[in-house]
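Results of the structural survey
Each chain is listed here by its residues.
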Amino acid sequence: MYRKLTKAIIPVAGLGTRFLPATKAIPKEMLTVVDKPLIQYIVHEAAQAGITDIILITHSSKNAIENHFDTHYELESKLLESAKHDRLDAIADITPPGVNLISIRQPEALGLGHAILCASHVVAPDEPFAVLLPDVLMYHPQQGCLAQMAEYYKQVHTSVVALEQVPSDQVDKYGIAAVKDADLRIVDLVEKPTPEEAPSNLSVVGRYIFTPRLMQLLKSTKPGKGGEIQLTDAMADLLNEQVMFGFEFKGGKSYDCGDKQGFLEANVEYALRDPQLGSSFHTYLSSLDLTELKPKKSK
Ligand code: G1P
């Protein structure tokens with residue numbers, strides 16, 4: 001039975017070791033792209049898709065995320081007193097209107113599938129849900145990736161997963177999907193295969209809409225790659241029972257901010273698109289002497 005999509009799960013319990021030392025005391029989701037932490041972009045992408053309940057699967061070291069979305073009365077009254085209205089505007093819509101944030105602790109780091117399962121008691125047994133991985137930023141000038149997927153979900157009433165081509169030597173960083181036909185029906189899914197094992201080079205990008213059945217399947221998913229309960233394995237089980245479609249994000253660009261290179265590229269490109277900063281930042285970048293700044297070959 002079709003039910004409207006209103007819930008999204010964002011797993012934020014991971015320790016972000018790839019960004020150490022920056023993430024020793026700061027959650028990786030609080031790293032900023034220009035002037036907003038990654039998690040704020042993700043929450044806004046979910047809200048634009050009509051999501052009203054966002055479930056953060058979190059960890060004791062990640063309180064800064066919840067604090068970021070809380071009202072800070074002292075800060076607001078100081079800004080009001082000093083008539084700093086532009087600064088007030090900057091914090092006014094951190095939590096999009098009409099959105100509730102719900103936090104659930106993941107008691108042990110048992111994998112992405114386990115993190116999603118931690119939300120099972122707040123997602124009704126007949127309710128679809130979205131999953132957004134906060135490492136991946138999906139830029140679009142108008143309609144975000146999840147909003148595009150939610151529109152497609154309304155037509156197909158079945159699970160929809162964002163997919164993107166990656167070079168063959170990178171397939172071992174992602175869930176990889178094999179699809180058939182022009183409608184991208186998914187026929188196989190493998191978590192982080194070697195290039196030899198990979199059924200294609202279409203990677204799972206980090207945006208998903210699932211039918212309620214996925215949550216039930218996660219309950220019996222055994223540890224897989226890396227000894228962790230993998231979301232991809234439960235999705236592969238779902239393929240035996242239901243149709244699942246791949247989805248190509250249109251008119252935008254994804255940035256893998258779980259990786260330093262992707263994070264830096266996001267910062268440069270978001271800064272160039274920023275209405276206030278863009279022009280001066282473009283002038284600055286154009287003035288760089290890239291011959292002089294050419295990195296020395298590492299020994
Ligand atoms: C996770 C998923 C993987 C997906 C990736 C997208 O991996 O397990 O299937 O392709 O996110 O970013 P992680 O990056 O958490 O290792």
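Residues numbered from 1 in each chain as written. Predicted model: local features only at pLDDT ≥ 70, side-chain atom pairs only at ≥ 80, totals over all residues. Heavy atoms only, no water.

Here the focus is helix α6 (residues 145-156). With 12 residues, α6 extends 16 Å from end C-alpha to end C-alpha; this agrees with the ideal 16 Å at 1.5 Å per step. All of the buried residues along α6 are Cys145, Leu146, Ala147, Gln148, Met149, Ala150, Tyr152 and Tyr153. Check the buried side of α6 and you find it contacts α1 (38-48), β6 (129-132), β7 (136-139), β8 (159-165), β11 (202-210) and β12 (244-247). Of the residues flanking the end of α6, it is His157, one or two places downstream, whose phi is positive at about 55°. (Helix = DSSP H or I, 4+ residues; strand = E, 2+ residues; numbered from the N terminus. Expected span 1.5 Å × (residues − 1). Buried < 20%, exposed > 50% of the residue type's maximum accessible area, 1.4 Å probe, protein only. Contact = heavy atoms within 4.5 Å.)

Right, let's get into the side chain of Thr58. Position of Thr58 relative to the elements: it lies in strand β4 (residues 53-58). On the basis of relative accessibility, which here comes to 1%, the residue Thr58 falls in the buried class. If we ignore the near neighbours within four places in the chain, the residues touching Thr58 are Val12, Ala13, Glu66, Ser103, Ile104, Arg105 and Gln106.

Judged by nonpolar contacts, the single largest core of 46 residues is most densely connected at Ile10, Ile39, Ile51, Leu137 and Leu146. It is α6 that contributes the most residues to this core, seven residues altogether. Counting 32 residues, the second largest nonpolar core, distinct from the first, contains Ala115, Ile186, Phe210 and Leu214. (Core = buried A, V, L, I, M, F, W, Y, C linked by side-chain atoms within 4.5 Å.)

Before going further, it helps to examine the pairing of β6. Going residue by residue along β6, you find Phe129 and Val131 tucked away on one face and Ala130 and Leu132 tucked away on the opposite face as well. Taken together, the two bridges between strand β1 (residues 7-11) and β6 define a ladder with parallel strand orientation. Bridging across to β6, Ala8 finds its partner in Ala130. With four bridges joining them, β6 and β11 adopt antiparallel strand pairing. Paired with Leu132 across the two strands is Arg207, which belongs to β11. (Pairing = 2+ DSSP bridges.)

The next subject is unusual backbone geometry. Following Leu20, the chain continues into Pro21 via a peptide bond in cis, with omega recorded as 5°. Secondary-structure assignment places Pro21 in the loop between β1 and β2 (32-33). A positive phi angle is found at Val34, which is not glycine, with a value near 60°. With respect to the helices and strands, the residue Val34 is situated in the loop between β2 and β3 (36-37). Given a relative accessible area of 27%, Val34 falls into the partly exposed group. The phi angle at His157 is positive, at roughly 55°, despite the residue not being glycine.

For the pair helix α9 (residues 260-273) and helix α10 (residues 278-287), the least separation of the axes is 6 Å and the interaxial angle reads 125°. In terms of their interaxial angle, α9 and α10 are classed as oblique. Counted together, Val268, Ala271 and Leu272 of α9 and Gly278, Phe281, His282 and Leu285 of α10 form the full contact between these two elements. Classifying every residue of the contact of α9 with α10 gives five nonpolar, two polar and no charged. (Axes fitted to C-alpha atoms, helices over the stretch in contact; angles between N-to-C directions. Parallel < 35°, antiparallel > 145°, perpendicular 65-115°, else oblique. Nonpolar A, V, L, I, M, F, W, Y, C, P; charged D, E, K, R; others polar.)

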